[in-house]
Amino acid sequence: MTQPPSHTRDSLEAQLLRDPFDPGIRRLYAEMLLRLGEVEASLEQWRLLVRQSPEAADPRIAVALCLHRLGRESESAEQLTAAGSCSDFDATDSRLEELDPRPTPDNPHDRMESASPAPLRANLRSIPGGRTDLPVADVVSIGSTDVIRFSDVVGMEKLKKTIRLSVIQPFLQPGLFERFKKKTGGGVLLYGPPGCGKTMMARAIATECDASFTAVGISDILNLWSGQSEQNLSAIFEMARSQTPAVLFFDELDALAFSRSKARSEHTRTLVNEFLNQLDGMSGRNHQVLVLGATNMPWDVDDAMKRPGRFDRQVFVPPPDEAARAEMFRQKLLGVPCEALDFAELGQLSRHFSGADIDGVLELAKETVLTEILESDIERGLSAADLQEAIGESAPSTLEWLKTVRNVVKFGGGGRAYRDVEKYLRREKMF
Amino acid sequence: MSTTAESFDSVARLIEIGRLGDAKRLLGQAIAHEPENPRGELLAGHIALLEGNTAAAETYASAALARDPHNLATGELLYEILAQQKRWAEAERIVIELIRAHPTDADLFASYCHLMLCTLHVDKASELSKEALRLDPQNDRARLMGVLVGLVRGDASTQYQVEKLVSEDPESRWVVTLLFTSLVDQKRFEEALRVGQQLLRANPNNTALTEALVELRMQTHWIAAPARPLARWGWFGAAALWVLALVTIRLASALQSTVALWLAGAYLAYCLYTWIYPPLLRRWIRHRGIVP
């Protein structure tokens with residue numbers, strides 16, 4: 001594509017100032033910069049185009065080309081494989097000749113390989129002070145393991161809508177939000193009872209943001225505690241920054257950012273201070289890293305973590321509602337021998353059950369049926385009675401959490417952070 | 001691969017942040033590697049104590065002491081277990097033994113002071129807190145005990161000490177707890193309620209604190225306003241009110257009997273009110289919550 005003779009650099013810049021969301025003009029501008037040898041500036045423009053059209057191969061190829069010219073080969077290869085997985089990838093694109101190896105559209109796993117844990121681990125090693133023995137099991141790219149999208153998360157439609165508006169779209173289209181002077185940036189803290197899908201939601205957010213995903217779980221935190229904790233934490237942030245756009249997810253955030261007012265050891269305080277420094281530094285240095293945290297115990301997370309620019313958006317992930325529970329039963333029983341089941345009724349009976357509790361119910365029901373089959377030699381499927389009995393024998397694990405949080409809301413003046421919880425408790429007549 | 005010592009350190013930190021399940025799992029692995037290490041039993045004792053299983057905690061602490069009789073941390077754990085079970089005499093014996101072995105440890109003097117406060121030996125507690133503060137003027141526990149002794153004795157300087165602690169470390173949980181206690185002691189219920197709510201937000205499982213907040217809310221509720229003199233001055237207030245009512249009614253009856261009748265009725269209504277409103281209001285607050 002060539003630049004029409006009527007367009008000059010000044011005119012393109014002026015047009016972009018008037019309408020920053022015109023992809024045609026931005027493309028022309030990016031191409032012009034590339035021709036002029038301003039590769040870094042061109043890269044910025046192409047990256048914006050990738051954000052505007054994450055499913056398109058063309059801007060990704062251009063990003064790969066810019067990175068190649070800048071000598072950033074691994075990132076270039078990553079972008080190229082990402083382009084290869086797009087539906088409109090054109091293998092005859094002339095720009096590909098400059099890039100090698102060439103991915104094929106019918107091999108989307110190229111992307112997975114490029115972003116597999118091995119290079120992430122290598123990146124971590126290359127960072128000064130980075131530990132080489134950090135567990136990599138939880139440090140994964142969303143391309144390389146189960147890709148979870150919002151559509152895979154059962155129910156929680158209102159929550160998904162809120163997250164899309166307040167987290168994903170500001171990340172994908174920062175310009176649009178800036179134009180409306182809507183505050184963006186900062187981290188997001190997902191909190192709620194255990195087993196209700198916080199981690200799954202975080203993975204889905206990463207997928208929807210089309211970003212690499214680095215998850216730091218409790219096992220990583222245990223490793224962080226040994227040796228130079230602050231350097232290890234810093235290395236994790238540096239790794240995320242080197243792989244933008246990136247989502248950095250801290251599961252069990254309370255373990256890493258434990259309230260300093262409750263902590264006795266100096267070590268805990270120092271680590272929290274470093275975490276705060278990283279969060280603050282990051283907002284100034286890199287806008288393409290989204291930090292997510294999840295916790296069952298938001299009251300144990302240091303208050304400073306919840307201040308603006310850090311985890312200032314706190315999202316309550318409630319137990320699944322009745323319809324979601326019914327859908328869970330339906331999905332989890334796909335392919336399992338069953339008699340005719342009324343999923344709506346199961347959803348109704350399993351009040352307050354989390355996704356994990358429903359797994360437990362199903363396991364219990366299956367055990368009962370299998371024991372019966374082995375004893376009687378008569379094969380049969382799961383019946384409604386089996387499931388109802390299993391529900392009756394199980395207790396929802398969310399109740400304890402809900403009772404605890406009720407104390408905060410009802411007697412502790414929970415405030416803005418717990419407003420959603422209060423609404424939920426009132427709706428469920430638990431207040 | 002982390003060493004067993006590192007694993008024990010991690011267990012200690014998991015205990016500190018209250019993740020007892022994770023701590024137990026990791027401790028099991030660490031003990032499997034080094035079953036002879038008394039630190040394993042010490043940490044197991046701490047976990048058991050936090051889980052409320054004092055019998056198991058005592059068993060672990062005793063086993064750890066058998067392996068390493070001079071270990072200070074194990075001795076402190078055993079003291080804590082005994083104190084929690086209100087076995088004061090045994091706890092005192094342990095803490096005295098520990099002080100003999102470590103005569104410059106301010107924490108131990110603070111622990112002994114706490115024990116003396118619990119058993120209402122205020123003078124001895126006061127001397128012990130002074131000694132703890134002499135040994136280490138910056139020791140948190142020693143300062144806490146100093147203020148608590150002051151509160152119990154009703155020392156005028158305690159308020160200044162509390163303010164000093166709050167200004168130095170306003171976010172520390174023990175300082176906030178101390179402030180809460182001090183405010184309640186001064187009958188500054190509105191402020192105590194706000195501080196208490198802050199504490200509850202950080203420790204939502206604390207049922208005793210929840211109850212205390214309900215009681216405080218009762219004191220600050222508008223319905224309780226007529227009874228505030230009684231809440232403020234206790235039995236003295238009640239006696240004064242009774243005398244005042246008696247004198248007023250007598251005077252009124254001497255002047256005009258209808259007025260005296262009204263006054264007597266009002267006094268009876270007030271008595272009835274002070275008798276009826278607390279349980280009703282308490283139930284209402286428990287049902288409704290503490291609304292700002």
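Our subject in this report is the structure included herewith. Counting restarts for each chain: residues are numbered from 1 in the order of the written sequence. Going through the entries in the order they are written, you letter the chains from A and number the ligands from 1. Thresholds applied to this predicted model are a pLDDT of at least 70 for local features of residues and 80 or more for the giving and counting of side-chain atom pairs; totals over whole chains, interfaces and linings are not thresholded and use all residues. Computation of side-chain values covers all heavy atoms of the structure but excludes hydrogens and water.

1. A word on the overall build of chain A
In plain terms, the rule: Labels follow the DSSP assignment, with helices taken as runs of H or I lasting at least four residues and strands as runs of E lasting at least two, numbered in each case from the N terminus. We call a residue buried when its accessible area falls under 20% of the maximum for its residue type, exposed when it is over 50%, and partly exposed in between, using a 1.4 Å probe and counting protein chains only. Between two residues, a contact is recorded if the distance between any of their heavy atoms is within 4.5 Å. Computed with a 1.4 Å probe, the accessible areas rest on the Shrake-Rupley method; for each residue, only the protein chains presented here act as cover.
Per the secondary structure count, chain A includes 20 helices and five strands. Counting across all 431 residues of chain A, residues that qualify as buried make up 52%. Partitioning the contacts of chain A with sequence separation of at least 6, the portion at a separation of at least 24 is 71%. With an accessible surface of roughly 19,500 Å², chain A has 51% of that area assigned to carbon and sulfur atoms.

2. Details of the packing of helix H3 (residues 38-50) of chain B against helix H5 (residues 72-84) of chain B
Residues and elements named next belong to chain B. Stated formally: To obtain an axis, a line is fitted to C-alpha atoms, over the contacting stretch when the element is a helix, and the angle between two such axes runs from 0 to 180 degrees between their N-to-C directions. Throughout this description, any angle smaller than 35 degrees is read as roughly parallel, any larger than 145 degrees as roughly antiparallel, any in the 65 to 115 degree range as roughly perpendicular, and the remainder as oblique. For any helix crossing, the convention is left-handed if the near helix is rotated counterclockwise from the far helix by under a right angle, and right-handed if that rotation is clockwise. Residue type decides the class: Asp, Glu, Lys and Arg count as charged, Ala, Val, Leu, Ile, Met, Phe, Trp, Tyr, Cys and Pro as nonpolar, and the leftover types, Gly among them, as polar.
In contact at an axis separation of 10 Å, H3 and H5 are set at 20° when each is read in the N-to-C sense. Between H3 and H5, the angle falls in the class roughly parallel. Considering only the axes of H3 and H5, their crossing is left-handed. On H5, the residues touching Leu42, Gly45, His46 and Leu49 of H3 are Ala73, Thr74, Leu77, Glu80, Ile81 and Gln84. Considered class by class, the residues forming the contact of H3 with H5 number five nonpolar, four polar and one charged.

3. Observations concerning the pattern of salt bridges
Here is the rule: Definition used for salt bridges: Asp or Glu carboxyl oxygen within 4 Å of a side-chain nitrogen of Lys or Arg.
Under the definition given, this model contains 36 salt bridges over all chains. Note that Glu363(A) and Lys366(A) form a salt bridge whose closest N and O atoms lie 3.8 Å from each other. One end of the pair, Glu363(A), and the other, Lys366(A), are both in helix H17 (residues 355-376), three residues apart, so they sit about a helical turn from each other. In this structure, Arg67(B) and Glu36(B) form a salt bridge, with 3.1 Å as the shortest nitrogen-oxygen distance. Here Glu36(B) lies in the loop between helix H2 (20-33) and H3 and Arg67(B) lies in helix H4 (residues 54-67), a separation of 31 residues in the sequence. Take Glu36(B): its relative accessible area is 61%, and that puts it in the exposed class.

4. Digging into the interface of chain B and chain A
Test applied: By definition, the buried area sums, over both parts, the 1.4 Å-probe accessible area that each loses when the two are put together.
With 29 residues of chain B at the interface, the matching set in chain A holds 31 residues. Taking both sides of the interface into account, the surface hidden between chain B and chain A amounts to around 2,600 Å²; carbon and sulfur atoms contribute 52%. Linking chain B with chain A are two salt bridges, by the criterion used here. For Arg19(B), the salt bridge identified is with Glu252(A), shortest N-O distance 2.4 Å.

5. Considering unusual backbone geometry
Residues other than glycine predominantly adopt negative phi, and peptide bonds predominantly adopt the trans conformation. You will see that Asp377(A), though not glycine, has its phi angle at about 65°, which is positive. In this fold, Asp377(A) is placed in the loop between H17 and helix H18 (384-393). Classification of Asp377(A) by relative accessible area gives exposed; the value is 70%. With phi around 60°, Lys86(B) is a residue other than glycine that occupies positive phi space. Note on placement: Lys86(B) falls in the loop between H5 and helix H6 (88-101).

6. Digging into the pairing of strand S5 (residues 313-316) of chain A
Residue and element names in this part refer to chain A. Spelled out, the test is: Between any two strands, at least two bridges found by DSSP are needed for them to pair.
Residues Arg313 and Val315 of S5 are buried on one face, and the alternating residues Gln314 and Phe316, pointing to the opposite face, are buried as well. The pairing of strand S1 (residues 188-191) with S5 spans four bridges and is classified as parallel. Bridge pairing links Leu189 to Gln314 in S5.

7. As for the sheet that holds strand S4 (residues 289-295) of chain A
All names here are of chain A. Strand order in the open sheet formed by five strands is S2-S3-S4-S1-S5, with parallel pairing between adjacent strands. Looking at the sheet topology across the chains shown, the edges are occupied by strand S2 (212-216) and S5. On average, adjacent strands in this sheet sit at an angle of 20° to one another, irrespective of strand direction. One ladder, built from five bridges, connects strand S3 (residues 246-250) with S4; its direction is parallel. Bridging across to S4, Ala246 finds its partner in Val289. Across the sheet, helix H12 (residues 229-241) touches S2, S3 and S4, and the angle it forms with S3 is around 150°.

8. Some details on the pairing of S3(A)
Residues and elements named next belong to chain A. Most of S3 is tucked away: five of the five residues are buried. Because side chains alternate across S3, one face comprises the buried residues Ala246, Leu248 and Phe250, and the other comprises Val247 and Phe249, equally buried. Here five bridges tie S2 to S3, and the two strands are oriented parallel to one another. Pairing of Phe213 across the sheet is with Val247, part of S3.

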